[in-house]
Amino acid sequence: MSNKSVQKKISKRVTRRTFRVKNRLTSKGHKPRIAVFRSLNHIYAQIIDDATQKTLASFSSLQLKDEKGDKKALAKNVGRELGKIATKQAIKDVFFDRGRYLYHGRVQALAEGLREGGLQF
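What counts and what doesn't
- Residues numbered from 1 in each chain as written.
- Predicted model: local features only at pLDDT ≥ 70, side-chain atom pairs only at ≥ 80, totals over all residues.
- Heavy atoms only, no water.
- Helix = DSSP H or I, 4+ residues; strand = E, 2+ residues; numbered from the N terminus.
- Contact = heavy atoms within 4.5 Å.
- Areas by Shrake-Rupley, 256 points an atom, 1.4 Å probe, with all protein chains shown as cover.
- Lys, Arg positive; Asp, Glu negative; His and termini not counted.
- Charge placed at Lys NZ, Arg CZ, Asp CG, Glu CD.
- Buried < 20%, exposed > 50% of the residue type's maximum accessible area, 1.4 Å probe, protein only.
- Pairing = 2+ DSSP bridges.
- Phe/Tyr/Trp six-rings, centres within 6.5 Å; stacked < 30°, edge-to-face > 60°.
- Lys NZ or Arg CZ within 6 Å of the ring centre and 35° of its normal.
- Salt bridge = Lys/Arg side-chain N within 4 Å of Asp/Glu carboxyl O.

(A) View of the overall build of the chain. On a plain count of helices and strands, the chain comes out with three helices and four strands. Beginning at the N terminus, the succession of helices and strands in the chain can be written as α-β-β-β-α-β-α. Principal-axis analysis of the C-alpha atoms gives the chain an extent of 50 × 40 × 20 Å. Put simply, of all contacts in the chain between residues at least 6 apart along the chain, 63% involve residues at least 24 apart. In the structure as shown, the chain presents an accessible area of about 7800 Å², 50% of it carried by carbon and sulfur atoms. Across the chain, the mean location of the 28 positive side-chain charges is 11 Å away from that of the 10 negative side-chain charges.

(B) Inspection of helix H3 (residues 106-116) at higher detail. Within H3, the full set of buried residues consists of Arg106, Val107, Ala109, Leu110, Ala111, Gly113 and Leu114. Where H3 is buried, its residues touch strand E1 (33-38), strand E2 (43-49), helix H2 (71-88) and strand E4 (95-97). Taken from the residues just after H3, Gly118 is the one with a positive phi, measuring 115°.

(C) Highlighting the pairing of strand E3 (residues 54-60). Across six bridges, E2 lies against E3 in antiparallel orientation. Within E3, the residue paired with Ile47 across the bridge is Ala57. What sits between the antiparallel neighbours E2 and E3 is a turn of four residues, in which Gln53 has the positive phi angle 55°.

(D) Local environment of the packing of aromatic side chains. Evaluation of the coordinates by the stated rule reveals four aromatic pairs. Geometrically, the ring pair formed by Phe37 and Tyr44 is tilted, given 5.8 Å between the ring centres and 35° between the ring planes. Owing to a relative accessible area of 28%, Tyr44 belongs among the partly exposed residues under this scheme. Here Phe37 and Tyr101 contribute two aromatic rings whose centre-to-centre distance is 6.5 Å and whose plane-to-plane angle is 70°, an arrangement assigned as edge-to-face. Of the two residues, Phe37 is situated in strand E1 and Tyr101 in the loop between E4 and H3; the sequence distance between them amounts to 64 residues. The cationic tip of Lys31 hangs over the ring face of Phe95; the distance from NZ or CZ to the ring centre is 4.9 Å.

(E) Geometry of the pattern of salt bridges. Applying the stated criterion to the full structure yields seven salt bridges. A salt bridge links Lys31 to Asp93, with the nearest nitrogen and oxygen atoms 3.0 Å apart. Here the residue Lys31 occupies a position in the loop between helix H1 (3-26) and E1, and Asp93 occupies one in the loop between H2 and E4, the gap between them amounting to 62 residues. Judged by relative accessible area, Lys31 falls into the partly exposed class, the value being 33%. On the basis of relative accessible area, Asp93 is assigned to the partly exposed category, the value being 32%. Of the charged contacts, one joins Lys76 and Glu112 as a salt bridge, the two residues approaching to 3.9 Å between their closest N and O atoms.

Below you can see the structure in the form of structure tokens.
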């Protein structure tokens, strides 16, 4: 098996997982969705209204000033800050879209931070 065919298989698997998670969430109702993107060094989260296809709020670890600690601690702080921004905009109930990432590590820390920030999901 060549390297190219292995990469295609992995890419298809990731795409299937992403759509499977997203379709379960968007079909449920009129709540906004929190989309997560995790890169090697940073984590990004945004609240999206799927009905109007608009981003309501976003926050990332790039916006944290003078934060120290490991990546999980930074992810938790990103969640807290995004939760504060959302509660100021009167957003309380959301769906958590983990995308293609498993619910552990930094993604789980982000979700815990969002709950501490005042969001429910």
